[in-house]
Amino acid sequence: VTPNARASDKLLYAKTHEWICLDRQPQAKVATVGISAFAVEALTDLVYIELPKVGRQVKRGEGFGEIESVKAVSDLYSPVNGEVIEVNELLTKNLGVLHDDPYGQGWIAKIRLSDDGGLDQLLDYAAYQKQCAEEGH
Amino acid sequence: MAGSLLHTPLHDWHAAHGGRLVDFAGWEMPVQYTSIVAEHQATRTAAGVFDISHMGRLLFRGAGAPAFLDRIVTRRVSDMRPGQIRYALVTNDSGGILDDVLVYARAGKSPGGPPMWMLVVNASNRLKIVDWLLEQNLERAANCEFHDATTSEAMIAVQGPRAADLLAPLFDDAHQALRYYHCAELHFPERAAKAGVDTQSALVSRTGYTGEDGWEIIVAAGLAVEVWQRVLEAGQSLKPDQSLGALPAAGVLPAGLGARDTLRLEAAMPLYGHELSETIDPYQAGLGFAVDLEGRAFPGRDALLTLRDRPDAPVRVGWLLAGRRVPRDGFPVVAASATVGHVTSGTFSPTLDAPIAMGYSQRTFATPGCEVAIDIRGRQEPARVVALPFYRRSTQGSKK
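The paragraphs below set out a description of the structure included in this document. Note that the structure is a prediction, hence the values are computed from the model and not measured.

### Topic: the nonpolar core
Counting residues in hydrophobic clusters, the biggest one holds 43 residues, and the most contacted among them are B:Tyr87 and B:Tyr104. Of all elements in the fold, only strand 4 (46-50) of chain A together with helix 2 (36-45), strand 5 (85-91), strand 6 (97-106), strand 7 (116-121), strand 9 (153-159), helix 8 (257-266) and helix 9 (301-307) of chain B reach the threshold of two or more residues within this core. Apart from residues lying up to four places away in sequence, B:Tyr104 is in contact with B:Gln84, B:Ile85, B:Met116, B:Trp117, B:Met118, B:Val120, B:Met155, B:Cys183, B:Leu203, B:Ser205, B:Thr207 and B:Glu216. Judged by nonpolar contacts, the second largest core, of 32 residues, contains B:Leu166, B:Leu178, B:Phe188 and B:Trp215.

What follows is the structure, encoded as C-alpha cells:
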C-alpha cells in the first residue's frame, strides 16, 4: 500500500464492491472509482481488466468494464451517474497493483458526476463492512 | 442449503486453514486456500496436496465381480492382474458417456486371495452410476457383493515432482515401487514401529489428475487428518525445484479444486460435465483408447461400433488464445463467419501465461495451427488450434 492510498474508512461504497472517493475540482465534482480490497481478495488471481471507455456516459449500476480472474469474470459497475474522464492505464500493464494497492495506485477510473450523481444510494464504510461480513459467511 | 452438503473427513481441517469452501457436486469442498495460481505452481514445481475424498468409491467383492464389471464398462477388466488400474468409460445404450472411471483390481487382503474390484467415479455422477448399476441388475449378479465406501473413507492426492518425498515418512519407499496406473495396500511402518503393531493400511495408487507424477491415497476416515498433516509436514522441509514452472516456486501447498481444474486442463484431461456428457461419445472425446469392442457386450457397445467411424462428428480440440480474456464453458467458436464449435472448459493457464480452452470443433477447423476466433461475450478473440496437451512435464523423474 502506497503512502497516498486512500483511507478505506473515508470512502463510499456500492453494493457491487466499487469504492468512490470524491474530489472537489473547480468546475465539477469528480469521483475516483476503484474496487474494494474485499472484492480483490474474493476474486484472486486477476489476469485481465477491461477498463471503462473515456468519454462514456454512465449510469449508476451500469456495467462499464470487466475484470477477469483465473476462475471467473466479473463486471465492473459504475457506482455513480456521470462521464468517464480518465482511466488508470497502469492496470493494463500491471494488474498486480490492483491487488497490492486497491485504494491507491489500483484506482480504476475517474468519473465527472452529473447533477444527480446518485451518491445517496452508496454505503458508508460501516454499512459496507457489514455487507461484506454477511457475504463472507 | 449449506446444512445438507456432505463433508469429507478433512472438512474441518480445510475450514480451520483458510480453505474457501464451495458446493461441489453436493460436497462442501475447498476451491482454494491461498490462490489458485500459487497452488497450481506449487504442484508443477514441488507438490500439491488435494482432498479428493468426494470422488465416489464403489467396491465389488466376490468371484462374480469381474464378470459383472465386464458387462458395464468399455474395456475388459476381467483380465486385469491384482494391483492394476485401468481408465474406462461407462456408456449408455446409445454410446453416450455416463461417466469416466478408474477400475482398480485391488490385491486381496490375504496374500494370493481374490482381488477386490473398485470403480472410482466422479462425485457428480456417483448416485447416477449406482442407479445405473442397479438397472443393469447389480443385485442379481452372482457372487458380487456391492458396497459404496465413499463416505467412510478419505482420498488424498499428492501430486508433483517432489510428491515421492512427501510420502517417504509414511511408507518408507514402498510407494516408489508402484508403476504408473498400479496400486497396492501399504502399511505405515512408522506407526507400526511406535505402536508395536499397526493393522491400518492405505490403498496407494500411482495415479492423478494434474499432469504430474503423483500418488493417490485412500484411507479410513479416522486416519485422514493424520495422513494429510504428515504429508504437509514432510513438505515443509522441501525446497521447490526452481528450474520447473514459469512462475516463482511456492513450495508444497495444500491445493483446492480451483488448481485441480487448471492443472487438469493444462494436461488436457477431460472433465465430466464439460468435455464428457451423455451426448458425447468416446471417439469424439479422443478416448477411443479406452473402448474395447471386440468380443464384448456392454450397454452402448453396438452403438459405438457405428459411432467409431463417423467422419462428421465434432472432435475435442484445444485452443490457445492470443489475448488475455478467458473463454469459458459454452462460448461459441467462430471461423469463416460461422459457428464451428464451442468451448467446454476454459481458463487462464499459469504455465503458458495465456488463456486456453478445450471444446468441440468441426473437423475442418480442428487441425493444429488452424486460426479461429472465440466469441467472448460478444467480441471475437483470436485463437489457434493447438495439439493437446497444453502442458507435458519434463521426463526426468517421471513415471517408470
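So that's the structure; there's more coming.
### A short note on the interface of chain A and chain B
In this complex, chain A contributes 14 residues to the contact, which on the side of chain B involves 15 residues. Summing the contributions of chain A and of chain B, the shared interface buries around 1,300 Å²; its carbon and sulfur component is 45%. For the pair chain A and chain B, the interface holds 6 salt bridges. Of the charged contacts in the structure, one is a salt bridge between B:Arg20 and A:Glu41, with a shortest N-O distance of 3.7 Å. Our enumeration of links across chain A and chain B arrives at 19 residue pairs in polar contact (both at pLDDT 80 or more). Sorting the residues of the side of chain A that touches chain B by element identifies helix 1 (37-43), strand 4 and strand 6 (63-69) of chain A as the ones contributing at least two each.

### Concerning the sheet that holds strand 6 of chain A
One key point about sheets: their strands pair by backbone hydrogen bonds, in either a parallel or an antiparallel sense. All names here are of chain A. The strand order 4-6-7 describes an open sheet built from 3 strands, whose pairing is antiparallel. Of all the strands in the sheet, just strand 4 and strand 7 (73-77) have a single pairing partner and so form its edges. The average undirected angle you get between the axes of adjacent strands in this sheet is 25°. For strand 4 and strand 6, the ladder comprises 4 bridges, and the chain directions are antiparallel. Bridge assignment links Ile 49 to a residue of strand 6, and that residue is Ile 67.

### Quick word on unusual backbone geometry
Among all residues save glycine, negative phi is the norm, and among peptide bonds the norm is trans. Residues and elements named next belong to chain B. Between Leu 388 and the following residue, Pro 389, the backbone shows a cis peptide bond with an omega angle of 0°. Locating Pro 389 in the fold gives a position in the segment after strand 19 (379-386). At Arg 377, a residue that is not glycine, the phi angle is positive and equals roughly 45°. Within the secondary structure, Arg 377 is located in the loop between strand 18 (371-376) and strand 19. Looking at Arg 377, the relative accessible area reads 35%, which means it is partly exposed.

### Remarks on the environment of B:Pro368
All names here are of chain B. Counting through the fold element by element, Pro 368 comes out in the loop between strand 17 (354-361) and strand 18. Considering only alpha carbons, one finds Pro 368 and Pro 350, 18 residues apart in sequence, at a separation of 21 Å. Non-local contacts of Pro 368, meaning those with residues more than four positions away in its chain, are made with Val 385, Val 386 and Ala 387.

### A closer look at the pairing of strand 7 of chain A
Looking along a regular strand, one sees side chains alternate from face to face of the sheet. Two strands pair when backbone bridges link them, and strand 6 of chain A and strand 7 of chain A are joined in this way by 5 bridges, in the antiparallel orientation. Considered in strand 7 of chain A, the bridge of A:Gly63 is made with A:Tyr77.

### Description of empty space enclosed by the protein
Residues and elements named next belong to chain B. This structure, assessed with the given rule, holds 1 cavity of 30 Å³ or more. If you trace the largest cavity, you find it lined by Pro 169, Leu 170, Phe 188, Glu 190, Arg 191, Glu 226 and Arg 230. Contributing elements (two or more residues each) for the lining of the largest cavity: helix 5 (163-171), helix 6 (189-195) and helix 7 (224-236).

### Points about the packing of helix 5 of chain B against helix 7 of chain B
Residue and element names in this part refer to chain B. At a minimum axis separation of 8 Å, helix 5 and helix 7 run at an interaxial angle of 125°. Taken together, helix 5 and helix 7 sit at an angle that is classed as oblique. Judged by the twist between their axes, the crossing of helix 5 over helix 7 is right-handed. When helix 5 is examined against helix 7, the residues Asp 165, Leu 166, Leu 167, Pro 169 and Leu 170 are found in contact with a partner set consisting of Val 227, Arg 230, Val 231, Ala 234 and Gly 235. Classifying every residue of the contact of helix 5 with helix 7 gives 7 nonpolar, 1 polar and 2 charged.

### Comments concerning the side chain of B:Arg44
Residue and element names in this part refer to chain B. Structurally, Arg 44 can be placed in helix 2. Here Thr 210 takes part through its backbone oxygen, which lies 2.8 Å from a polar atom of the side chain of Arg 44. Side chain to side chain, Arg 44 and Glu 266 meet in a polar contact 3.0 Å long.

Cut-off values and rules
What you see as residue numbers is a count from 1 along each chain, following the sequence as written. Each chain gets a letter, beginning with A, and each ligand a number, beginning with 1, in the order they are written. Under the rules for a predicted model, residues below a pLDDT of 70 receive no local features and side-chain atom pairs below 80 are neither given nor counted, while totals for whole chains, interfaces and linings still include all residues. With hydrogens and water stripped out, all remaining heavy atoms of the structure feed into the side-chain values. Definition of nonpolar core: a set of buried residues of the types Ala, Val, Leu, Ile, Met, Phe, Trp, Tyr and Cys, connected through side-chain atoms within 4.5 Å. We call a residue buried when its accessible area falls under 20% of the maximum for its residue type, exposed when it is over 50%, and partly exposed in between, using a 1.4 Å probe and counting protein chains only. Secondary structure counts use DSSP, requiring at least four H or I residues in a row for a helix and at least two E residues in a row for a strand, with both numbered from the N terminus. Residue contacts follow a heavy-atom distance rule, with two residues in contact if any of their heavy atoms lie within 4.5 Å. The buried area of a pairing is the accessible area, by a 1.4 Å probe, that goes missing from both parts when the two are put together, added over both. Salt bridge criterion: a side-chain nitrogen from Lys or Arg within 4 Å of a carboxyl oxygen from Asp or Glu. In the analysis that follows, any N or O atom pair within 3.5 Å is treated as a polar contact, provided that within protein one partner can donate a hydrogen and the other can accept it, and provided that, for residues neighboring in sequence, both atoms belong to side chains. Strands pair, by our definition, only if DSSP identifies at least two bridges between them. Lines fitted to C-alpha atoms define the axes here, with helix axes fitted over just the stretch in contact, and angles between the N-to-C directions of these axes take values from 0 to 180 degrees. Within this scheme a cavity is a closed region of a 1 Å grid, computed over the protein atoms alone, that accommodates a 1.4 Å probe without allowing it to escape, whereas a pocket is open but has protein on both sides within 12 Å along at least five of seven lines; lining residues each have an atom within 4 Å of a point. Grid points are joined across faces, edges and corners, and a volume is the space filled by probe spheres set on the points. Comment on the angle field: the value is read as roughly parallel under 35 degrees, roughly antiparallel over 145, roughly perpendicular from 65 to 115, and oblique elsewhere. By definition, any crossing whose near helix is turned counterclockwise from its far helix by less than a right angle is left-handed, and any crossing with a clockwise turn is right-handed. Amino acids outside the nonpolar list (Ala, Val, Leu, Ile, Met, Phe, Trp, Tyr, Cys, Pro) and the charged list (Asp, Glu, Lys, Arg) are all regarded as polar, and Gly is one of them.

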